[in-house]
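# Commentary on secondary and tertiary structure
Here are the chains, one letter per residue:
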Amino acid sequence: MTAEEQTSEGQQSIPIEGEDITPKKDGGVLKLVKREGTGTALPMPGDKVSVHYVGTLLDGTVFDSSRDAGEKFSFDLGRGQVIKAWDVGIATMKVGELCQLICKPEYAYGSAGSPPKIPPNATLVFQVELYEFHEDDITEDEDGGIIRRILTKGQGYSKPNEGSNVEVTVEGTFEDRIFDQRELKFEIGDGENLGLPYGVEKAIMAMEQEEEASFTIMAKYAFGNAGSTKYNIPGGATLQYKIKLVAFEKAKESWEMNTSEKLEQSAIVKEKGTQYFKEGKYKQASMQYKRIVSWLEHESGLSEEDKQKAEALRLAAHLNLAMCFLKLQEPNQALENCDKALELDESNEKALFRRGEALFAMKEFDEARGDFQRVSQLYPANKAAKSQVALCQKHIKEQHEKDKRLYANMFQKFAERDAKKEAVKMKSESKVNGDGMGGENGAQE
């Protein structure tokens, strides 16, 4: 027993007891269950957990408490966001469980402590209650489209990015049937050529080296409504993938490249994106064009020649992204890229036309007509724009007729309602007058 485990009188205030739950069985974290939880599920690395806790020194001095703060504490398990003892201990808890964790310094704040409340080499005691945990959703919008459960934690903190060369093992399952089982080496962005759904590449980009994880991938990120004839997967299917990231070589980030490298690589990925687009692989194409934007959007201090090259590449990237998003039926993103293109070239024919298409898809017919009319004025040879103007006018007229009928029906209903009210009112008044006459006759009698 160390001096830190005693009170000033040499007596322990909190008994050192519990089960050693450390992987190494070195006594670094002892757990004592105070109240059993429910069910059998345990949180896994990457899950977002929510707890209440009270932290004390061995003499009973409270140094931190979520209960006093009146707000539960949430964090991602196994991500190094908390002391090591918590990542170890909370991974053993069930929902509703209340336990005591006694944490040796090497699993807490070590020889440095956390001044002023936690002294150096302090053994800490936590009363922890697990309220809930949620599986790790790796999508940007957290729409539940790709859920991860880590089976084996990876090494380091670096992850593959777009353009990385990766070495992986994949096992795809649908309704307990393994439909794909391979060892692969490829560049992130080329997965569709190998029969991998977009969500698998998204999953790999969230992994650390040597990590093994299972992923639930919804149809939106898998084979969509079309399904896959190659693998006999129906439309709208949710898939399971087990993936191990064996090794990867990260592609250079924007800040790691000089201007010449960015321009050179942008020209290469532009051609790559164009090839994907011709093959109908619009999602893959968009990933390539996005790389150009990320590399060149904020590049400054360029020579006049390089500036012209960069602007031409950015313009092409935004125009192509707009077309990809139109094909993917994502008009809002198409509109955003058209606006970016028009910032670079305010009268660009393709940007104006595609913005009109995006607005048309969003049923903004007046604004769409404006863009198509401008194309017709600036580029009289563009017959498609004239046709689109006529189509917009047709829809605007139909909308006006629809509104007219709607308002006519509305006014008719208002009139009928008012007439009904008037009839009720007259009937009521008539009844009142009749009762009065009856009263007079009664008096005469």
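Okay, so let's go over this structure. (Residues numbered from 1 in each chain as written. Predicted model: local features only at pLDDT ≥ 70, side-chain atom pairs only at ≥ 80, totals over all residues. Heavy atoms only, no water.)

## Quick look at the layout of surface pockets
Empty space within the largest pocket amounts to approximately 960 Å³. With five residues, the single largest contributor to the lining of the largest pocket is helix H5 (residues 282-296). Among the residues forming the lining of the largest pocket, the class breakdown is twelve nonpolar, eight polar and eleven charged. Roughly 380 Å³ of volume is contained in the second largest pocket. Taken together, 20 residues form the lining of the second largest pocket, with Glu162, Lys290, Arg291, Val293 and Ser294 sitting closest to its centre. Those elements giving two or more residues to the lining of the second largest pocket turn out to be H5, helix H6 (304-327) and helix H7 (331-344). Top element by residues in the lining of the second largest pocket is H5. It accounts for five residues. (1 Å grid on protein atoms, 1.4 Å probe; cavity = no way out; pocket = protein on both sides within 12 Å on 5 of 7 lines; lining within 4 Å. Points joined across faces, edges and corners; volume = space filled by probe spheres on them. Helix = DSSP H or I, 4+ residues; strand = E, 2+ residues; numbered from the N terminus. Nonpolar A, V, L, I, M, F, W, Y, C, P; charged D, E, K, R; others polar.)

## A short note on helix H4 (residues 259-278)
In a regular helix each residue adds 1.5 Å, so 20 residues correspond to 28 Å; H4 covers 29 Å between its end C-alpha atoms and thus fits that length. Its buried side turned inward, H4 meets H5 and H6. At the N-terminal boundary of H4, the capping side chain belongs to Asn258, with an oxygen 3.2 Å from the backbone nitrogen of Ser260. (Expected span 1.5 Å × (residues − 1). Contact = heavy atoms within 4.5 Å. Polar contact = N/O pair within 3.5 Å; in protein donor to acceptor, adjacent residues only side chain to side chain.)

## What to know about the sheet that holds strand E11 (residues 177-187)
The strand order across the open sheet formed by six strands is E8-E9-E12-E13-E10-E11, and the pairing between neighbours is antiparallel. The outermost strands of the open sheet, each flanked by one partner alone, are strand E8 (136-137) and E11. Pairing between strand E10 (residues 165-174) and strand E13 (residues 239-249): nine bridges, direction antiparallel. Across the sheet, the residue bridging to Thr173 is Gln240, located in E13. (Pairing = 2+ DSSP bridges.)

## Section: the packing of aromatic side chains
Applying the stated criterion across every chain yields a total of 15 aromatic pairs. Here Tyr53 and Phe73 contribute two aromatic rings whose centre-to-centre distance is 6.0 Å and whose plane-to-plane angle is 80°, an arrangement assigned as edge-to-face. Pair noted here: Tyr53 is in strand E3 (residues 48-57) and Phe73 is in strand E5 (residues 73-76), with a separation of 20 residues, a long-range link. Judged by its relative accessible area of 10%, Tyr53 is buried. Consider the rings of Phe360 and Phe365, whose centres lie 5.2 Å apart with planes at 70°: the pair is edge-to-face. The exposure class of Phe365 is buried, given its relative accessible area of 12%. In textbook terms, an aromatic cluster arises when at least three aromatic residues are bridged by ring pairs, as seen for Tyr53, Phe63, Phe73, Phe75, Trp86 and Phe126. The lysine or arginine in question, Lys72, covers the ring of Tyr131, its NZ or CZ lying 4.7 Å from the ring centre. One residue, Lys283, lies across the ring of Tyr198, its end atom 5.1 Å from the ring centre. (Phe/Tyr/Trp six-rings, centres within 6.5 Å; stacked < 30°, edge-to-face > 60°. Buried < 20%, exposed > 50% of the residue type's maximum accessible area, 1.4 Å probe, protein only. Lys NZ or Arg CZ within 6 Å of the ring centre and 35° of its normal.)

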